[in-house]
Every structure is written in C-alpha cells, then in structure tokens.
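# Observations on chain architecture
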Amino acid sequence: MGKTNGFLEYRRTELKYREVDKRLNDYDEVTIDKSIEELVEQGGRCMECGTPFCHIIGCPIINLIPEWNDAIWRGQWKEAYERLEITNNFPEFTGRVCPAPCETSCTLSINDAPVTIKQNERAIIEKAFDEGWVIPRPPKADTGKSVAVIGSGPAGMAASQQLRRAGHAVTLFEKNRKIGGLLRYGIPDFKLEKNVIDRRLEQLTAEGVLFETGVTVGEDISIRYLRDKFDAILFTMGAGEPRDLPVPGRELDGIHYAMDYLGQSNRRVANEPFEERELSARGKTVLVIGGGDTGSDCVGTARRQGAKVVYQYEIMPKPMIWDKPWNPSWPEWPQILRTSSSHKEGCERDWNVETLSFEGKNGTVSKGHFRFIEWLPGGKGTRPSMEAVEGSEFSLEVDLVLLAMGFVHVEHGRAVTDPAVELDGRGNIKADDYRSSVDGIFTAGDANTGASLVVRALNHGRLAAESIHDWLMG
Amino acid sequence: MKSDRHLFSAEAIVAMQKAVRNKDFNSFKEYSGIINDRARGLNTLRGLFKFKKGHPVALDEVEPVEDIVKRFTTGAMSYGSISREAHETIAIAMNRLGGRSNSGEGGEDEARYPLDSDGSDRKSHTKQIASGRFGVNAAYLANCNELQIKMAQGAKPGEGGQLPGHKVNEEIARVRFTTPGVMLISPPPHHDIYSIEDLSQLIFDLKNANPDARVSVKLVSEVGVGTVAAGVAKGKADMVLISGGDGGTGASPLSSIKYAGTWWELGLAETQQVLVMNKLRSRIRVQTDGQLKTGRDVAIATLLGAEEYGFGSAALVSLGCVMMRACHTNACPVGVATQNPELRKRFTGKPEHLMNFMCFIAEELRGIMAELGFRKLDDMIGRVDMLEVDKAVDHYKAKGLDFSKVLMPPERVDGEPLRCTSQQEHDFSLSLDPELVEACKPAIEKGESLSLDRKIRNCNRSVGATLSYNVTKKYGSEGLPEDTITVNFDGSAGQSFGAFLTKGITFRLKGESNDYFGKGLSGGRLILQPPLDSTFSGFRNIITGNVNLFGASGGEAFINGMAGERFCVRNSGATAVVEGVGDHGCEYMTGGTAVILGPTGVNFAAGMSGGVAYVYDENQLFDTRCNLEMVDIEPIVGEKDIIRLKILVQRHTGYTDSLVGGRILESWEESLPSFVKVMPIEYRKALEKIRERETQNTETTAITEEVFV
Ligand SMILES: Cc1cc2nc3c(=O)[nH]c(=O)nc-3n(C[C@H](O)[C@H](O)[C@H](O)COP(=O)(O)OP(=O)(O)OC[C@H]3O[C@@H](n4cnc5c(N)ncnc54)[C@H](O)[C@@H]3O)c2cc1C
Ligand code: SF4
C-alpha cells in the first residue's frame, strides 16, 4: 500500500517541460519523460485508501490506480503494467493528454498535493513498450461475427481492440488518411507525438483489426451495404460539427474553424499532403476565440508557426485563481484558472469578451469589434444571463481568427441520416447501453455524448464493445 | 468487464460532507438516498424491511428536531483511536445539541472537564468503563452524566482491544495512566464481572461513584442478547445499548448475510421482546448503534424498540473522514484517526458539521414520523407492527429468510409499555456514604482534617465511592492534602470497600474485607489489618477476597495478610503491599508497584506490560508460577530499587504491625536476596528511551514522535 506516511516523507514532483524558446522551434512533445525509477517515491506517496476516490470518482475509466502505484513503489513494474492494462487500452494517450481528474480527486488533494497519477501512468506504459511487454493479444478463437466500426478516434480504436480480442472480425473505417481521430488530426504533436499512435496501431494490426482509411461512410460506402456485410455497426464518428459565431463579417477570409487549422497543421507536421489552401499564422496577429483546450492548442500551434502576437478571448468570466497544490472543490473537478504549456509560450488572454463583428479589407479580415459583458447569476433553475458593460466596446486589428468555441454535435452526414438513428436534444446519437434506436447500430464516444475527453471516449468504446458482444452472442 | 462502482460509496461521502458543510438538506437527501439504496441492494437487514402505510399527520405537528437530537449519541471512539481534535469536536457538538458523546475506553484529559471560556463543553458526557479500565479514576467518573459499562465482545476483536505502541504517545499515555510507547491491551473479560451479580455490583459501584449519572451497559448484538439485557435490567442499569458493532473507525461494510447475528436489527428486536414479555421494559431505556446512517435507519430502530441512537462512522465522515481505513496505521490524512501532530493539523471538522448531520437525521426522521402518523417519538417506539418485509427486494441472499420472529409484536403482560416509562429503584439504604459525606463536610468544604471511627458490616458495599465523588467534584483528581480525612473502620467490609477512593482520604480497616477491595483506587490510602484480638496471623490467612485493587490508578494499599486471586489486575498506578496472593496476580498491569511479601499463585504477571512487582520468594518457587511471556525476573541490585523496596516494607510494617514485615526488616541484608523484581520487557525499553531522551534534554514534544514511531 505505498509507504505508510510516504506522503509526509516525499514531496510531489511536477512534470518537467522543455524550455520555451527551444520547444517553439519544433513540434516535439513539450514534456520531458520521467523514467519510472524517478517515480518510485511518488508511487510511495499513494495511501491505498479504503475508499479510493481517484479510482471511484476521479478516473472515468476506473483505472486501478492504488494497485499500480503500490506496484511501482515495490519496484514491480511489470505487475504495474498488467494492472494498468486491465482497464485502459491506451494508457500512452491518457498518460499524455488526460486532464487527470484522478489527481483532483486523490484523497491527498483534500489538503496536500496529489499523487502523480498521470505521470505514473505514462511511465508505466512507456516502460512496458521499452521492455517489449506490449504484445498482440489476438483472440484464441473466432466467433464468426463481424463488426464495422465507423470513426477511428479513441472510442473506435478501443472498441475495435476489445471486439477483436473477443473474437469478432472487426473493420475500422476512417474518412481520413490515417487512423486516430482527434488524437491524430486535432491534438497537436507537441502534446501527443503521432508515432505514439502508430506504435499502438501495430499491435491492433497484429491482433487482426482491419483498417479502411480514406473512406467516408455514408458517401463512399452506404450504411445499407455495411448492414448487409456486417453483423453489427458501431458509430464512433466524434462530434465534428463545430459551434459557429454568427456575427457580421463572419464570412470574411482569414476566419477559420480551429479544427481546420489544427488538422492542417498536424498534416503538415506529418508531411501528409492536403488539398485545402495553406493556413499559417506566420507573421500574423492571431485571435483565438474560445478559452478552452482547443483554443489553447491553437495558441501553441500559432506560436510555432511564427505568429506576431496571439490573443485568446473567452466569453465566460475568468475562473478563480488558485495556486495551492490541493483541490478547493475536492473531489470534484475545480473551476479554476488553468494555464497550459501553450499559454506559457506567449498569449494575451481576456475574459468576459463578446464578439460583435468583423470588418475586412479586400475580403480578408482586418479588425474585430468586441465589448465586455457581465454575467448575472441565474435564479433557481435558470441559467446566468449576460449583460453588456456600457461603453466597453473596443476593437482589435487581426489577420487570422480561429474559432475554438467547442462542438455542437456529431456531423449529420448521410451515415447518420440514412439509417435515421434517433438523435438526442443536442443532436447527438441517442443510445441506451450504447444501442442506438436502430437495431444492430451502436454508438459511443463524442458522437454519443457530445465533445468530451479522450479517457471517456476510451471507456465508452470499451463498454460499447461489451454491449455489442452481448448482443451478438445473445 | 462492466464497471461496477461497488465500494462504500464515495459518492455518499462526498454528498454528506457537502451537506453538513454547507448546511444543505438537499445534498443530505442525496446522501441518504444513496445509502438507503445500497442498504436495499445488499448490505443490511433493514434494507429488507419497509414501512406499512400509516395515517399521515402534518409535519409541523411532529416533535421538533431539537427534542429528537437529545436522544442521539456518538459511538464509543477512544481518544487514542481518534485524534484529540476530532474527539473534542465531537464532544462540543453533542453537548450543544443536548445529546452525548462517548469517551470510549481511553480515559479523558482532565483539562476538558471545566467549561471553556466561550461556554463550550469539551468533555464526553458518556464515560465508558471497559475491561481495561484505562484512565478510569474518581474524576473520570465524576465528570459526566452517563457511565457506560462496555461488556466484553467475546472473540470479536473490539474497538480499542489493542492500541499499538506507536499510537500511544505521551499525551495518550498520560490520560490512560500508562507508559508512552507500550502497547495497550484490553483484557477480554472484566475481571470484576463473572456473573450478573458481579455486573450488578459494578453498576452499584458506579452509581455510588457518581450519583448524578445514569449507568448503562453496552452489549453486542448477538443471539441471546435479550436474556442478557433482561439481566442488565434486573441489575438496575438505567439503559442498555444493543450495539451492532459498528466499530466506529475503520469499519468495513457488512457484506454477507451470514453475519446477520451481529446486526443490531436482530439483537434489538430480541431485546425488546424479552424485556416487554418479562415486564422489564418500563424501567430501562434501550439504545442501539451500528452503522446507523440515515433517518430511515433511525426510524426502523425506533419501530424495533430503541429510544436512543448512536452514530459512529457516519459522525466521523461528517467531520472529514473519507473512509480511508488507514486508522490502524496512524496515517489518516485528514487528521481524524491519527496522533501524528503533522496530520492532526489537517483536521478541519467543526462542531457545526456534526450538529448539522444530527439535525438532518432528525429532520429525515420527522418526515417518516409524519408519514407514519407519529407525532411523538415515544409513541413510535416498539411499533414493529408498522414494519413489513419488502417483497420488492428480490435478493438471493434474502430468499428463505423468515423474519416473522423479528417482526413479531411481543405479548404485553399486564399492559407492559413498549418503552421506558419509569426509573430503576436504586437502594442506597445500607450505604454508609451519605452519613460519611455529612460527617466529612468540614473537610470537604473547608479542608479541615478529621478522623472518624465507624463500624462496618459486609452488607455495606462500595464504601467511600460517594465520599470520593464529593471530594472530586470540588477538587478534581488532585483531591485533598494527605490524610485530611481518616476513617477507622471496624468489622467486616462488604464488596468494593474503598472503591475509587481519592487523594486525601485514608481508610483503615481492622477486620477483613470482601471482594473488590480498593477497586479503581484513585489516590486514597487503604490500610487493612486483622482485628487486634484475632488469634490468626495475617500472612497465613486470606484477609481480603478476590480481585483487589482491580483497575487502581493511584494511591496505596497496605494489607497485613493474604489477598485472594487476581490481585492488582490492571493496576496502572497504585502501590500495594500484601503478604501473599492467589492466582493471576498483577495480570495486565500497566503501571504502579506491587510488593508481595509471601507466596503467589500461578500465572503471575500474565499480560503485564508496565509497572513493577517485587516478590519475596523465600522458597525460590516463583519462577514456576510467574508467566514469563512479557516479563523478566531479576534480582534486586539497583540502589534505587533497594531503597524503594525497603521504604515500602517499613511503611507497611508501620501501618499494619505486620509480623512478616518486621521479620524481613530485622534481617534485611539476608532477606534482600530472596526478593525478585518482575519487570515487563517492553516497559523497560520504553523507560530507557524516555530516560535517554530526558538526559539529552531536548524539547519534550519530540518524545512523541521519536521514541515510538
Ligand atoms: C483540438 C482538440 C484538443 C483536445 N485535447 C484533448 C486533451 O488534451 N485531452 C482530452 O482528454 N481530450 C481532448 N480533446 C477531446 C478528445 O480529443 C475527444 O473527446 C476524443 O478524441 C473523442 O473521441 P472519439 O473517438 O469519440 O471521436 P474522434 O476522436 O473525434 O474521432 C472520430 C473519427 O471519426 C471519423 N469520422 C467521422 N465521420 C466519419 C464517417 N462518416 N466515415 C468515416 N469516418 C468518420 C473522423 O474523421 C474521426 O477520425 C481535444 C479535442 C480537440 C478538438
Ligand atoms: S486515465 Fe486520466 S483520470 Fe484515469 S488515471 Fe489516467 S490520467 Fe488519471
């Protein structure tokens, strides 16, 4: 159980980052890998709580955190890997990009710095790859059933692996050239290098998952055809429909969705060809609208492309500043100001900013108009409402505007409309135990829940695989 | 592998803590919803019950929260198993509500007895008397309004059964009258209770030691508990607690129905039935505890026959406990169940949190009362007819279980009520103390010395307990200056002569004594010698019965003659000289000194972890009679030991005209080699360490961490 009183003896050590002026010259990961040996004491800080909040309330995939922390402390790295693998197909993804709600719900977070759970997770899986412990686990026998999985993000990948391991023939369809979903075409390399995905795909291939890339289901291939050829279909197409900003001047050139921008950047880094016009921030004044993670990724990417200056505006109020190691809202996710590695690379952030309009020169954006707003608390059951601050209007000269205001729902392409699966109030595919309204069609991940997190997509992918398995083997 | 969130619900902990911190009843309902669901799902018997339809009354007609919470208590959690901060916060909260908190069996710091400047009362108003008698002295008994005898829990290791040495820091050792760093063992039985008559004697002792407190007996819920409870009622306890064995700290959730025997539901139902059928219910109150967590739990307990309710782990959760179950490691990260000063700083519980918890429980209970149509809780007690088995709970474990016995309304002979409606009649007519207290007024009120002569008969029991109570009420455990009150008794003393006798009082008895002589001696002096005209010589005859000086914590006893079995068991500070003892002498002793100037029985010093004994081993048989598991036997060579021993023998001879003593002193140099010293091994180590520390002369606080971790 870690070390009794280990948390009093050892301090938490934070993840280290490469220096800003060095890292801005490339797209390599900004973090510096710690070896597992460096984390032994960190594992010893784990108290193996009788009620492990990290595991029950924190980690969406219910990782067996105390068990692998303890194994680390005892130097049993292989055991740690084996315990980790039970719940998480791809710890190398979560160990890099997960916001780690496990740590904010760690019992130590009540009044102390939490265990370095995410660092530990990452170190365990990297050790496992180094040592060759990550090997294909093909099924012992085939069931003779087949499943088509549509969309190759973390949800689709996890589901494919689980289904294949259960003995089903799995084909994973992806409209892009390569597998990975937002892991590949959304999240920048400096957070997640793409060879990390490739490395894992080797395992999936060896286990017998078939990939069909460059195929847009619904366009290039019909659902009816798939229903003919496969016993079950799983929709893991993500929540690709971005939220728009319907203000005057929106149609101007130079105003783009964050995803178009980030996707292209990732392709360029990977030397992948792309058809659209090149988008670059080089020498430009860049405004990112939207204060979330996607926006932060735009900031880091723009900095690397050589932007002159980067602004980031958020319409919501500035969250509380909190510099203590513990969590003021334990065990829940705290609403506090977060400063990402990208923000530290240079960016001016502002909150409570409403965008009014854009104006342009020769059809290209040159200026944006804004004003400050104030949020009025809502009454019982009503949302807070906003009110303009009088006389607060201001404008900003800009060359490139990136809209990173989140996603509204799954794209309503023919894959969704042809079989007419029922949608929920927000436009995502409705499901009960991952079964859509159409028998034999299942769904998981962002397509089902709306935009969320990699770890949730993974978890739902796994659970959907289980639901499909039960249905197939009925 | 489907994710099954099955551990003790973390969600429930979070919801409850939110509720009590923000005084948010909605959060609380969320908490109790989770708990009640889980109860249905698997874990408890009450989960299989449901309420029958009643005739609802309006909520505002139901008795108010403030009245209900007076029936609430917190479980016995000893100071030692939980931190000082947690223990005092619990006490303050319960005292503000007019309920009670329970000291547990760890003694209590006297500094908590007077009220704080802001009027807060930090003392536990239920003081527990367990088999270990740790920290039980006259002051402990005097400062509360309930004395609770904790009956042994059989084979089940009970809370506080053992306190590992590393948890026994200086402060804890101080309030328990033991040595820092030495493991504390609560012996399985009470050495003064082997029958219901013995129990009744202890109840009587306690009634005398604090006439203003009620006496309760804690029983563990098990099959047959009803019969024991009936005995307890006949033994004149004012309240009986049927405990489902929550264990307070670190309790694991009940997970299997095969342990049903330990659940309070069964024990309570049985107790209620036996008490009512034997026409005993009207004179004794019934309390229950053990995983009570919601208003629904309390409602069921009420219908099954309880009028008071205790909360253990739920109370701790309200103060920040996150069910780490690290209690035994001393590493509780929220400062609840730890003695580590670093971790204790992390305690953030406030009395208000626990008060909110209790009030929310009461509020929930009121809701159920209104629904069932009870305006007064009194009317609801024992109404099992309002309970039925919930057919909807389809649990494989519940199949084939027959609850008709549990839910059977008892036959009410002569209209015996279903709850306590009167009081026990305690008979003090043969007590000498009321008269002694009167006669000693000048001493108690003005500190004047006085000496009295009194005749005594063996029907006069617990003599001195109430006198000590009166002294202690006024002077605390410091008592009066030595020999302020001297009483010379003549005759045959009844049981518990000199019980809990406090400082400044000397009882000299010429004659003989029954069992329990000097029970719980708290600083007073007892001198016992044969009548002047007696023809027998003391050292060949038993002059006092069994179980002398049991649980003594201070004071002196000089006995010219032999004592029976179990002499000085659980002594933690008294000094005694005697001329021979029966079996099991000095068992479980943790402190003090015993000098035995004659033969001992077998099993001497079993479980002895502190204090010393000097034994005059003329025939060199002692090592065959001593239990050597925890002690060493050594010759007496140290200067200090020799002087100490000689002074004690001299005083003994002086006080009692002892022939043996006189003979030994006459030939001191020759006699000395016949003495052996019995020294507990762990105790020696701890003393050495303390001495080392003291000679290094560093900050005293370090002792706590350094010596014993
Ligand atoms: C910029 C950005 C940064 C993020 N950073 C983080 C982070 O740091 N940490 C974190 O936890 N989460 C992050 N997220 C969220 C996370 O990436 C998503 O929640 C997660 O990837 C969702 O997984 P998914 O498998 O459901 O869908 P996606 O990853 O969106 O994958 C869906 C896939 O389906 C394909 N597809 C769609 N329609 C079709 C079709 N008709 N035919 C064939 N293929 C189709 C798409 O091309 C895509 O590849 C980020 C998201 C974005 C946009
Ligand atoms: S997946 Fe995320 S929440 Fe779970 S252990 Fe890893 S970092 Fe923590």
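Note that the structure is predicted; figures quoted are calculated from it, not measured.

## Quick word on the overall build of chain B
When helices and strands are counted, chain B shows 23 helices and 23 strands. Counting all 709 residues of chain B, 63% fall into the buried class. A separation of at least 24 residues holds for 64% of the contacts in chain B among residues at least 6 apart in sequence. When the accessible surface of chain B is summed, it comes to about 26,400 Å², and 51% of that surface belongs to carbon and sulfur atoms.

## Concerning the packing of helix α7 (residues 196–209) of chain B against helix α17 (residues 465–475) of chain B
Geometry of a packed helix pair, given as the angle between the helix axes and the separation of the axes. Residues and elements named next belong to chain B. Direction vectors running N to C along α7 and α17 enclose 35°, while the axes themselves pass 7 Å from each other. Only Ala465, Thr466 and Tyr469 of α17 make contact with α7, whose side of the interface consists of Asp205, Asn208 and Ala209. A per-class count over the contact of α7 with α17 returns 3 nonpolar, 2 polar and 1 charged.

## Focus: the side chain of B:Glu556
All names here are of chain B. Structurally, Glu556 can be placed in strand β17 (residues 554–559). Overall, Glu556 belongs to the buried group, its relative accessible area being 15%. At 2.8 Å, the side chain of Glu556 forms a polar contact with the side chain of Arg525. Each residue touching Glu556, except ones within four places of it in the same chain, is listed here: Leu521, Gly524, Arg525, Leu526, Thr575 and Arg651.

## Focus on the interface of chain B and chain A
The figure often quoted for interface size is the accessible area lost as the parts come together. Facing the 24 residues of chain B at the interface are 27 residues of chain A. Counting the surface lost from both chain B and chain A, the interface buries some 2,200 Å², and carbon and sulfur atoms represent 62% of this. B:Lys18 serves as the salt-bridge partner of A:Glu332, at 3.2 Å between the closest nitrogen and oxygen. Applying the counting criterion to the chain B and chain A interface returns 5 residue pairs in polar contact (both at pLDDT 80 or more). The leading source of residues in the side of chain B that touches chain A is helix α1 (residues 10–22) of chain B, at 6 residues. Residue composition of the side of chain B that touches chain A, by class: 13 nonpolar, 5 polar and 6 charged.

## Focus: the side chain of B:Ser81
Note that B:Ser81 resides in the loop between β2 (72–74) and α4 (84–97). Of the polar contacts made by the side chain of B:Ser81, one reaches the backbone oxygen of B:Ser78; its length is 2.8 Å.

## A look at the confidence of the model for chain B
Residue and element names in this part refer to chain B. The share of residues in chain B with pLDDT of 70 or more is 90%, and the mean pLDDT across the chain is 88. Every residue in residues 697–709 is under pLDDT 50, and counting partners more than four places away or in other chains gives 21 contacts. Confidence estimates for the predicted assembly give a pTM of 0.86 and an ipTM of 0.80.

Calculation notes
- Residues numbered from 1 in each chain as written.
- Chains lettered and ligands numbered in written order.
- Predicted model: local features only at pLDDT ≥ 70, side-chain atom pairs only at ≥ 80, totals over all residues.
- Heavy atoms only, no water.
- Helix = DSSP H or I, 4+ residues; strand = E, 2+ residues; numbered from the N terminus.
- Buried < 20%, exposed > 50% of the residue type's maximum accessible area, 1.4 Å probe, protein only.
- Contact = heavy atoms within 4.5 Å.
- Areas by Shrake-Rupley, 256 points an atom, 1.4 Å probe, with all protein chains shown as cover.
- Axes fitted to C-alpha atoms, helices over the stretch in contact; angles between N-to-C directions.
- Nonpolar A, V, L, I, M, F, W, Y, C, P; charged D, E, K, R; others polar.
- Polar contact = N/O pair within 3.5 Å; in protein donor to acceptor, adjacent residues only side chain to side chain.
- Buried area = accessible area lost by both parts, 1.4 Å probe.
- Salt bridge = Lys/Arg side-chain N within 4 Å of Asp/Glu carboxyl O.
- pLDDT = per-residue confidence, 0-100.

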